[in-house]
Amino acid sequence: MSNLNFLFEQQTQFSPNQAKILDGQVSVFRRPGSRNWQCRFKLPTGQWHAASTGSELFDQARQQAIAIHALVQARIEQGLAVQSRTFGQIAYEELDVMDQKVGSGEGKKTYADYTFALKKYLIPFFGKTEVSQITVELVRDFEAWRVSQMGLVPKASTKRNHASAYNRVINLARQKGYLGQGQSVPILDATGDRGEARPAFTKEDISQLLAYMPTWEQKGRLAIERLSHPLCRAYVEFLLYTGIRHGTEAIPLRWRHIQWHWIADKRYLRIWVSGKTGPRYLIAKNAVIETLERLIRWQALEQGTLDTVIEAKLDRMVFCFPNGHTPYRMEGVFRKLMRDSGLAKDGAGKTRTLYSLRHTYATFALAEGVDIHTLARQMGTSVAMIERHYSKMTPMMSAEKLA
């Protein structure tokens, strides 16, 4: 409190529509025609950060400006981004930068290649993804999607151009503070080498995991562990029974996105998902019904059953604690589950992650005879990606039919 009082007591240089606070570090001002006060200050990168204080009263606006400044400084010290932008937003800024250089005679011949790569491939695929949320998994999916779009594996020169255009966007994001100095973003492959097969679970592993989790979810010395373990169990089962993407597709899911789908007199659980390839419906395995019923009881929802939750179109996060709070990340508790269950690594010694559950879903589906076109639509990815990662496995899975 004494620190805040000290900040508030700093000398304020004031005029009717503009003031400087914190020894001139922060400007508080009103734009012509606006009633609310804004604040503005310079970041260590040299860029300016502006925000609305949301207040018409100067004293409140000054306190809010000090709080905004302190929050931004804290994020910078932690190596986090000050503000977020999608890849597409930053890419269009980079396109403007290149256009200006071409217009002033400073442009390079390669700018035409970069522009083509951004507009034809990079923006259509990564455009709606926040730059700080780009993952290795997403980059691999892009490389498979690009093959499906081009109809061939691109040559090394093409890959280098795409990687250079991609890097220009990432560098601009970092320069403008959309990426923290400590935040890393995976790069595109410019050499043509393919990644190794992802670690998955065998049927025996899954049987062991499903049998272990009911006891594990009751354990935990800390209160947060006794909360996170049951939620993690439900999350793991949901990923395994749907093939949905961890994080970007699963975490934002709400109960109203879950529906019954009827074919004649038989019903199936249908889930609306908004992913990187656009919105889609997927059909969940029947086993997920028990998972969701258990989650409803654990969250103590007043509707009581899955039928009534679906009928109510409940606008509440699916994967949240009983108090409604949604965990920011699930990776930590999943690593603990893998360690405790003895399933942290696959037979080749590779560390399993939450993405391993999606890989396992695809592997099991192919083994059960689901064709790759249906599987690609269900998982929200391209046929080329399925073929790239699983084409060598399908003959082994279909050994009985082939023999």
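This text goes with the structure placed above it.
Residues numbered from 1 in each chain as written. Predicted model: local features only at pLDDT ≥ 70, side-chain atom pairs only at ≥ 80, totals over all residues. Heavy atoms only, no water.

(A) Focus on the overall build of the protein chain. A tally of regular secondary structure across the protein chain gives 16 helices and 8 strands. The buried share of the protein chain, taken over its 403 residues, is 43%. In the protein chain, once contacts between residues fewer than 6 apart in sequence are set aside, the share between residues at least 24 apart is 58%. Total accessible area computed for the protein chain in this model is approximately 21,500 Å², and 51% of it derives from carbon and sulfur atoms. (Helix = DSSP H or I, 4+ residues; strand = E, 2+ residues; numbered from the N terminus. Buried < 20%, exposed > 50% of the residue type's maximum accessible area, 1.4 Å probe, protein only. Contact = heavy atoms within 4.5 Å. Areas by Shrake-Rupley, 256 points an atom, 1.4 Å probe, with all protein chains shown as cover.)

(B) Summary view of the environment of Ile170. Among the structural elements, Ile170 can be located in helix 6 (residues 156-175). Ignoring any residue separated from it by four or fewer positions in sequence, one finds Ile170 in contact with Phe87, Val131, Leu179 and Val185.

(C) Geometry of the pairing of strand 6 (residues 258-263). Across 6 bridges, strand 6 lies against strand 7 (residues 266-275) in antiparallel orientation. Across the sheet, Trp260 pairs through a bridge with Leu269, a residue of strand 7. Hairpin remark: strand 6 followed by strand 7, antiparallel, with 2 residues in the connecting loop; positive phi at Ala264, about 60 degrees. (Pairing = 2+ DSSP bridges.)

(D) Here's a closer look at helix 7 (residues 203-216). Taking 1.5 Å per residue, 14 residues should reach 20 Å; helix 7 reaches 20 Å between its end C-alpha atoms and fits that length. Residues of helix 7 that are buried include every one of Asp205, Ile206, Leu209, Met213 and Trp216, and no others. All buried residues of helix 7 fall inside an arc of 95 degrees around its axis, so they share one side. Residues of helix 7 that are exposed and angled more than 90 degrees away from the buried face: Lys203, Glu204 and Ala211. Tucked into the core, helix 7 has its buried residues touching helix 8 (223-242), helix 11 (331-341) and helix 12 (355-367). (Expected span 1.5 Å × (residues − 1). Arc of directions from axis to C-beta.)

(E) Spotlight on the side chain of Ser382. One can find Ser382 in the loop between helix 13 (372-379) and helix 14 (383-390). When its relative accessible area of 13% is taken as the criterion, Ser382 is described as buried. Setting aside anything within four residues of it in sequence, one finds Ser382 in contact with Ala144, Trp145, Ser148 and Ala376.

(F) The arrangement of the pattern of salt bridges in detail. Under the defined criterion, the tally for this structure stands at 17 salt bridges. The salt bridge partner of Arg245 is Asp141, with a shortest N-O separation of 3.6 Å. Here Arg245 is found in the loop between helix 8 and strand 6, whereas its partner Asp141 is found in helix 5 (residues 136-150), with 104 residues between them in sequence. Residue classification places Asp141 among the buried residues on the basis of a relative accessible area of 2%. (Salt bridge = Lys/Arg side-chain N within 4 Å of Asp/Glu carboxyl O.)

(G) Structural detail: the sheet that holds strand 6. Strand order across the open sheet formed by 3 strands is 6-7-8, with antiparallel pairing between neighbours. Only two strands of the sheet have a single neighbouring strand rather than two, namely strand 6 and strand 8 (278-283). For this sheet, the mean angle separating the axes of adjacent strands, direction not counted, is 35 degrees. With 6 bridges connecting them, strand 7 and strand 8 associate as antiparallel partners. Among the inter-strand pairings, Trp272 is bridged to a residue of strand 8, identified as Tyr281. (Axes fitted to C-alpha atoms, helices over the stretch in contact; angles between N-to-C directions.)

(H) Just the pairing of strand 3 (residues 26-29), in detail. Because side chains alternate across strand 3, one face comprises the buried residues Val26 and Val28, and the other comprises Ser27 and Phe29, equally buried. Here 4 bridges tie strand 2 (residues 18-21) to strand 3, and the two strands are oriented antiparallel to one another. The residue of strand 3 that forms the bridge with Ala19 is Val28. Counting the residues that bridge the hairpin from strand 2 to strand 3 gives 4 residues, and of these Leu22 lies at a positive phi of roughly 55 degrees. For strand 3 and strand 4 (residues 38-42), the ladder comprises 3 bridges, and the chain directions are antiparallel.

(I) Quick peek at the packing of helix 5 against helix 14. Relative orientation of the contacting elements helix 5 and helix 14 amounts to 115 degrees, with a least axis distance of 7 Å. Judged on the interaxial angle alone, helix 14 and helix 5 are roughly perpendicular. Considering how the two elements wind past one another, helix 5 and helix 14 form a crossing that is right-handed. Only Ala384, Met385 and Arg388 of helix 14 make contact with helix 5, whose side of the interface consists of Arg140, Asp141, Glu143, Ala144 and Ser148. Considered class by class, the residues forming the contact of helix 5 with helix 14 number 3 nonpolar, 1 polar and 4 charged. (Parallel < 35°, antiparallel > 145°, perpendicular 65-115°, else oblique. Left-handed = near helix turned anticlockwise from the far one by under 90°. Nonpolar A, V, L, I, M, F, W, Y, C, P; charged D, E, K, R; others polar.)

(J) Spotlight on the packing of helix 4 (residues 110-126) against helix 6. In contact at an axis separation of 9 Å, helix 4 and helix 6 are set at 75 degrees when each is read in the N-to-C sense. Relative to helix 6, the element helix 4 lies roughly perpendicular. Between helix 4 and helix 6, the contacting residues are Tyr111, Asp113, Tyr114, Ala117, Leu118, Tyr121, Leu122 and Phe126 on the first element and Asn161, His162, Ser164, Ala165, Tyr166, Arg168 and Val169 on the second. Residues that form the contact of helix 4 with helix 6 fall into these classes: 10 nonpolar, 3 polar and 2 charged.

(K) Just the environment of Leu138, in detail. With respect to the element layout, Leu138 can be found in helix 5. Here Leu138 falls in the buried class, since its relative accessible area comes to 9%. Residues Leu138 and Pro186, 48 residues apart in the sequence, show an inter-C-alpha distance of 9.2 Å.

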